[in-house]
Amino acid sequence: MSLLEQSKMVELQLKSKGYFVLPYPKNLAVLAKQLEYSWMKFCSQEDSFKEIIPFGENGGYENKNKKGARDKKENFHITWDYKLPSYLYASPIEEELFSRARKLLSGIKSQISLVANITNEIFGKNKNPLDLGMLGYEGLVLRLLHYYPNFSLDNLLAHQHVDKGGWTYTLFESLPGLEVFWEGEWSSVAFDKGMLVFSGIQGQHFYESEIKALCHRVVIPNHLKNQNRYSAVLFNEFSKYPL
């Protein structure tokens, strides 16, 4: 498919849904599946083992499955420069997780460049993604998420919000539940064999509101409330373009 054809398809999806689905190249689909498996293995460990990992500027682990927390989840942020503190020993499970995360961060750059070229074509920005810092590792933050089984009455796992960066890539989800707010109503989103891509606040500002930051949430279907939900998103911030 030519760049012009891809651009028309993406433009149609953005204008009608507020997001678009970018097909996975085969090698990247394999990396995403491997990362999902490694993340599930990490989450299966005892909380006391995981919670010794601090959360810092370049990433780290957080457990928000506490009394009074708004979203019952644990998450791990991984950047290219992320390393465990020197006083901690990385277990084989952690080494595998970090290795696969970096492989995905490296492998996804071609898709980020493609998105930049497509949106340049649509909106006439003619901006080199390198000039925005889109392709620098400093602008990429991988967030791995695990939502615990939810037995509340409203089925809400993640409250409604918009992201602050340029583009958000939803890489995988083990269960359905993602919903987006578009044209005054919530609608569920299903995607497979691809990445769901939408804009954050920085993207809306850069594209002068021709693209809107997409409000989204996660609502688990009733029949899946007793299951764990694993997912991953990649935040692509334009590191050389101010928020």
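Structural data are supplied above this passage.
Reading the values: the criteria
Residues numbered from 1 in each chain as written. Predicted model: local features only at pLDDT ≥ 70, side-chain atom pairs only at ≥ 80, totals over all residues. Heavy atoms only, no water. Pairing = 2+ DSSP bridges. Helix = DSSP H or I, 4+ residues; strand = E, 2+ residues; numbered from the N terminus. Axes fitted to C-alpha atoms, helices over the stretch in contact; angles between N-to-C directions. Contact = heavy atoms within 4.5 Å. 1 Å grid on protein atoms, 1.4 Å probe; cavity = no way out; pocket = protein on both sides within 12 Å on 5 of 7 lines; lining within 4 Å. Points joined across faces, edges and corners; volume = space filled by probe spheres on them. Nonpolar A, V, L, I, M, F, W, Y, C, P; charged D, E, K, R; others polar. Expected span 1.5 Å × (residues − 1). Buried < 20%, exposed > 50% of the residue type's maximum accessible area, 1.4 Å probe, protein only. Arc of directions from axis to C-beta. Parallel < 35°, antiparallel > 145°, perpendicular 65-115°, else oblique. Left-handed = near helix turned anticlockwise from the far one by under 90°.

## Considering the sheet that holds strand 11 (residues 215-219)
- One open sheet holds the 4 strands; their spatial order is 6-11-8-9, and the pairing between them is antiparallel. Each edge of the open sheet is held by one strand with a lone partner, namely strand 6 (156-161) and strand 9 (185-188). In this sheet, neighbouring strand axes are inclined to one another by 25° on average, regardless of whether the strands run parallel or antiparallel.

## What to know about the sheet that holds strand 10 (residues 194-199)
- Pairing within the open sheet is antiparallel, and its 8 strands lie in the order 1-10-7-12-5-4-3-2. Either end of the sheet is taken by a strand with one partner, and the two such strands are strand 1 (20-23) and strand 2 (55-56).
- As paired strands, strand 7 (residues 167-173) and strand 10 are joined by 4 bridges and run antiparallel to one another. When the sheet's bridge partners are listed, T168 is paired in strand 10 with F198.
- Across the face of the sheet, helix 2 (residues 26-43) comes into contact with strand 3 (59-63), strand 4 (73-78), strand 5 (140-147), strand 7, strand 10 and strand 12 (229-236) while running at roughly 50° to strand 5.

## Focus: empty space enclosed by the protein
- The tally for this structure, following the rule as stated, stands at 1 cavity of 30 Å³ or more.
- Size it by volume and the largest cavity reaches roughly 30 Å³.
- Taken together, Y147, Y148, P149, N150, L157, I220, K225, Q227, N228 and R229 make up the full set of residues lining the largest cavity.
- A breakdown of the residues in the lining of the largest cavity according to their chemical character gives 5 nonpolar, 3 polar and 2 charged.

## Remarks on helix 4 (residues 92-107)
- With 16 residues, helix 4 should cover 22 Å at 1.5 Å per step; its first-to-last C-alpha distance of 22 Å lies within 8% of that length.
- Where helix 4 is concerned, the buried positions are E94, L97, F98, A101, L104 and L105. In a view along the axis of helix 4, the buried residues occupy a sector of 125°, so they form one face of it.

## As for the packing of helix 2 against helix 4
- Two numbers describe how helix 2 lies on helix 4: the axes approach to 9 Å, and their chain directions differ by 155°. As the angle between them shows, helix 2 and helix 4 are arranged roughly antiparallel. Read as a crossing pair, helix 2 and helix 4 show a hand that is left-handed. When helix 2 is examined against helix 4, the residues L28, L31, A32, Q34, L35, Y37, S38, W39, K41 and F42 are found in contact with a partner set consisting of I93, E94, E96, L97, R100, A101, K103, L104 and G107.

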